[in-house]
Amino acid sequence: MDTLELLAHPVRLRIVHALRGERELTTGQLCARIPDTSKAMVYRHVDLLAAGGVLEVAGERRVRGAVERRYRLSHDRAVVDADVLAAMTPDDHRRAFATAMAVLVTEFNSYLDREDADPVVDLVGYRQHAVWLTSGELEEMISEFRRVILPLLTNQPTPERTQHLLSPIFFPVEQPPTDSASGPDRPGSSTRSLPEEALEVNAQGEDGTEMGSAPPSTAVPVKLKVRGPGARRRWSW
């Protein structure tokens, strides 16, 4: 199997997620992490990922006469590279997208089934926005997401950290309007101008110090406020 085939399966993708953060887990620990999947299925998919080079053995020991292996991700193989993406057909994208959605639904239901689940306290979010963007604005927005998210991907598990599933999704839903009179400043337009304060993208500390912002001309209607360390954070999208 190539990397796309290996990762485009809900159970295998959940195994990869579980090992993020430089974790080393045994198959038994992975079974505990994915309790809604049978142990036989987890073992089978761990073997497939290991055979495909996505997982590598970090260590092993004998337990009651059997060999217990600890696995970790092989980061070079646990990604779909640009060449593979460029060669993907529409059907490939449909299968990959369906896998991602299946993982989201399964993991979200697993979270809600926990006795301690509290979507408000846990700052759960799954909002959707339809935003008009030029190609330049889209690239800038994605660059900002990468700037924020990529450094966090190296975070390792600690007693203070909870693993969160992030799934940014971008795709066009409507082509640019062909009627030049349909813009927000044209007569008869149904598009309402947003207030200036809704065009800011900023993060502020508890003392109100601005940590970052985007110019109003390129910003999208997104607000982010982060309160100081130890305080409960509030996110508004």
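Here, the structure is the one placed above.
Residues numbered from 1 in each chain as written. Predicted model: local features only at pLDDT ≥ 70, side-chain atom pairs only at ≥ 80, totals over all residues. Heavy atoms only, no water.

Asker: Describe in detail the overall build of the protein chain, supporting the description with residues and values.
Answerer: What the protein chain contains, in helices and strands, is seven helices and seven strands. The order of helices and strands in the protein chain, counted from the N terminus, is α-α-β-α-α-β-β-α-α-α-β-β-β-β. Once local pairs closer than 6 in sequence are excluded, the contacts in the protein chain between residues at least 24 apart make up 50%. Counting every atom, the protein chain has about 17100 Å² of accessible surface; 53% of that belongs to carbon and sulfur. (Helix = DSSP H or I, 4+ residues; strand = E, 2+ residues; numbered from the N terminus. Contact = heavy atoms within 4.5 Å. Areas by Shrake-Rupley, 256 points an atom, 1.4 Å probe, with all protein chains shown as cover.)

Asker: Talk me through the nonpolar core; I want residue IDs and the actual numbers.
Answerer: Judged by nonpolar contacts, the single largest core of 19 residues is most densely connected at Ile15, Leu30, Val54 and Leu55. Ignoring sequence-local partners within four residues, the contact set of Leu55 consists of Ile15, Leu19, Val46, Leu49, Ala50, Tyr71, Arg72, Leu73 and Ser74. (Core = buried A, V, L, I, M, F, W, Y, C linked by side-chain atoms within 4.5 Å. Buried < 20%, exposed > 50% of the residue type's maximum accessible area, 1.4 Å probe, protein only.)

Asker: Kindly report on the environment of Ala78, identifying the contributing residues and their values.
Answerer: Mapped onto the secondary structure, Ala78 falls in the loop between β3 (66–73) and α5 (82–87). Setting aside chain neighbours within four positions, we find Ala78 in contact with Leu7, Arg20, Val54 and Leu73.

Asker: Account for the sheet that holds strand β1 (residues 25–26), naming residues and giving values.
Answerer: The antiparallel open sheet is built from three strands, whose spatial order is β1-β3-β2. The strands lining the two open edges of the sheet, one partner per strand, are β1 and β2 (55–63). Judged from the two bridges that link them, β1 and β3 form a sheet pairing that is antiparallel. Bridged to Thr26 within β3 is Arg70. (Pairing = 2+ DSSP bridges.)

Asker: With reference to specific residues and values, describe a nonpolar patch on the surface.
Answerer: Taken together, the side chains of Phe97, Ile169, Phe171 and Val173 define a hydrophobic patch exposed on the protein surface, amounting to about 420 Å² of accessible area. Examined against the element boundaries, Val173 turns out to sit in the loop between α7 (135–149) and β4 (202–204). (Patch = residues over 30% accessible without salt bridge, like charges linked within 9 Å, V, L, I, M, F, W, Y side chains within 5 Å. Salt bridge = Lys/Arg side-chain N within 4 Å of Asp/Glu carboxyl O.)

Asker: Describe in detail the pattern of salt bridges, supporting the description with residues and values.
Answerer: Using the criterion set out here, one finds twelve salt bridges in the structure. Note that Glu60 is salt-bridged to Arg69, the shortest N-O span being 3.3 Å. With a closest N to O distance of 3.1 Å, Arg114 and Asp116 form a salt bridge. Take Asp116: its relative accessible area is 53%, and that puts it in the exposed class. Three or more residues joined by partner-sharing salt bridges are found here, namely Arg14, Arg33, Asp36 and Glu107.

Asker: I'd like to hear about helix α2 (residues 10–18), residue by residue, with values.
Answerer: Across the nine residues of α2, seven count as buried, placing the element largely inside the fold. Residues Val11, Arg12, Leu13, Arg14, Ile15, Val16 and Ala18 constitute the buried set of α2.

Asker: Can you break down the packing of aromatic side chains residue by residue, with the values?
Answerer: If you walk through the whole model with that rule in mind, you get four aromatic pairs. Where Phe108 meets Tyr111, the ring centres are 6.2 Å apart and the plane angle is 35 degrees; that geometry is what we call tilted. Here Phe108 pairs with Tyr111, and both are found in helix α6 (residues 90–112), just three residues apart, close to one helical turn. Here the aromatic rings of Phe108 and Tyr126 are separated by 5.7 Å at their centres, their planes lie at 75 degrees, and the arrangement is edge-to-face. A residue pair is termed long-range when its members are at least 10 positions apart, and Phe108 in helix α6 and Tyr126 in the loop between α6 and α7 qualify at 18 residues. Taken together, the ring pairs in this structure connect Phe108, Tyr111 and Tyr126 into an aromatic cluster. (Phe/Tyr/Trp six-rings, centres within 6.5 Å; stacked < 30°, edge-to-face > 60°.)

Honestly, it's all geometry; don't read function into it.
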